[in-house]
Amino acid sequence: MEHYLKFWGTRGSCPVSGPQYSHFGGNTSCLEVRYGEDLAIIDAGTGILPLGNQLMEEGVRRIHLFFSHMHWDHLIGFPFFKPLYCPDVEIRIHAPQGKGRSPKELFEQLFAEEFFPVKLADLPARISFHPMETVRVGNLTVECHLAHHVYTTYCFKITTPRETIGYASDNEVEAHSRGGLVGFFRESDLLIHEMQYTEEEHLGRRGWGHSSAKEVMPFIAEIGPKRWIVTHHDPCHTDADLRRLSEETRLKTRCPVEWIYDGAVIELKG
Ligand SMILES: [Zn+2]
Ligand SMILES: [Zn+2]
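Please read these numbers as outputs of a predicted model, since none were measured by experiment.

Cut-offs applied
- Residues numbered from 1 in each chain as written.
- Chains lettered and ligands numbered in written order.
- Predicted model: local features only at pLDDT ≥ 70, side-chain atom pairs only at ≥ 80, totals over all residues.
- Helix = DSSP H or I, 4+ residues; strand = E, 2+ residues; numbered from the N terminus.
- Rg over C-alpha atoms; globule rule 2.2 N^0.38 Å.
- Buried ≥ 20, exposed ≤ 12 C-beta atoms within 10 Å, placed from the backbone.
- Contact = placed C-beta atoms within 7 Å.

Participant: How should the overall build of the protein be read in this particular structure?
Facilitator: When helices and strands are tallied, the protein shows seven helices and 14 strands. In terms of overall size, the protein behaves like a compact globule, its C-alpha atoms giving a radius of gyration of 18 Å where 270 residues would be expected to give roughly 18 Å. Dimensions along the principal axes, computed over C-alpha positions, put the protein at roughly 50 × 40 × 40 Å. The proportion of buried residues among the 270 residues of the protein is 44%. In the protein, the share of contacts with a sequence separation of at least 24, taken over all contacts with a separation of at least 6, comes to 68%.

Pasting the structure below:
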């Protein structure tokens with residue numbers, strides 16, 4: 001299969017493991033978008049480890065890596081991404097600005113010697129940093145839009161010659177910010193959007209940057225994608241919890257919806 005999305009990590013907040021997570025998996029956010037030779041990776045949670053191994057086996061030499069934001073669950077896998085240790089690999093990083101610090105400065109901190117044995121400057125790969133703006137990766141166009149989350153966080157729209165894919169892993173749907181996002185995602189064939197909390201859980205976690213069915217379902221209905229994929233599962237939710245949530249949601253929406261799991265592949269139109 002030459003054109004596909006692969007979900008390498010579908011867990012939010014913190015990686016988990018154990019038999020109660022065996023179906024949905026425990027790796028944190030990482031999505032591979034592959035369109036022939038063109039490759040874009042979104043987020044570098046622990047899911048990027050097995051992806052890195054595959055890219056090395058394939059001999060991929062040019063990588064565009066987009067960070068939605070700088071929370072741990074989206075970058076904790078980055079220091080362990082094998083292509084970083086390959087001198088003939090070029091990695092273009094697209095990441096948001098920090099508070100008075102550039103993305104490069106933030107990554108230097110991630111590799112500070114108190115945290116990790118290798119410095120950013122000593123990594124063999126050719127790494128460069130780029131601002132969040134519309135980027136063309138061969139046949140793919142990646143656009144970004146601010147999400148409603150805790151600090152500067154982006155969601156993405158990836159356009160192939162045949163389809164449009166929306167991605168919002170961390171977004172608390174709110175009245176004041178939803179209008180812009182509805183417009184941004186309007187043409188999506190496939191919309192990947194979180195629904196991390198149950199309504200009960202959300203009550204005590206307002207402002208934590210995640211949504212429950214009460215806010216997400218009308219938002220999805222307004223956008224009207226052909227298919228809705230739910231990712232960024234709460235680490236407290238076991239397979240049984242996620243299956244129950246999935247079934248409840250399916251009964252309440254007209255949009256075909258699927259709770260996605262680590263390793264899932266969705267074929268794109270070539
Ligand atoms: Zn997250
Ligand atoms: Zn976050």
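Participant: Help me understand unusual backbone geometry, please; the structure alone is not making it clear to me.
Facilitator: One non-glycine residue, Ser-13, lies in positive phi territory at about 70°. Tracing the backbone shows Ser-13 in the loop between β1 (3-9) and β2 (30-35). With phi around 65°, His-232 is a residue other than glycine that occupies positive phi space. Position of His-232 among the secondary structure elements: in the loop between β12 (227-230) and α7 (239-252). Here His-232 falls in the buried class, since 27 other C-beta atoms lie within 10 Å of it.

That is the geometry; function is a separate question.
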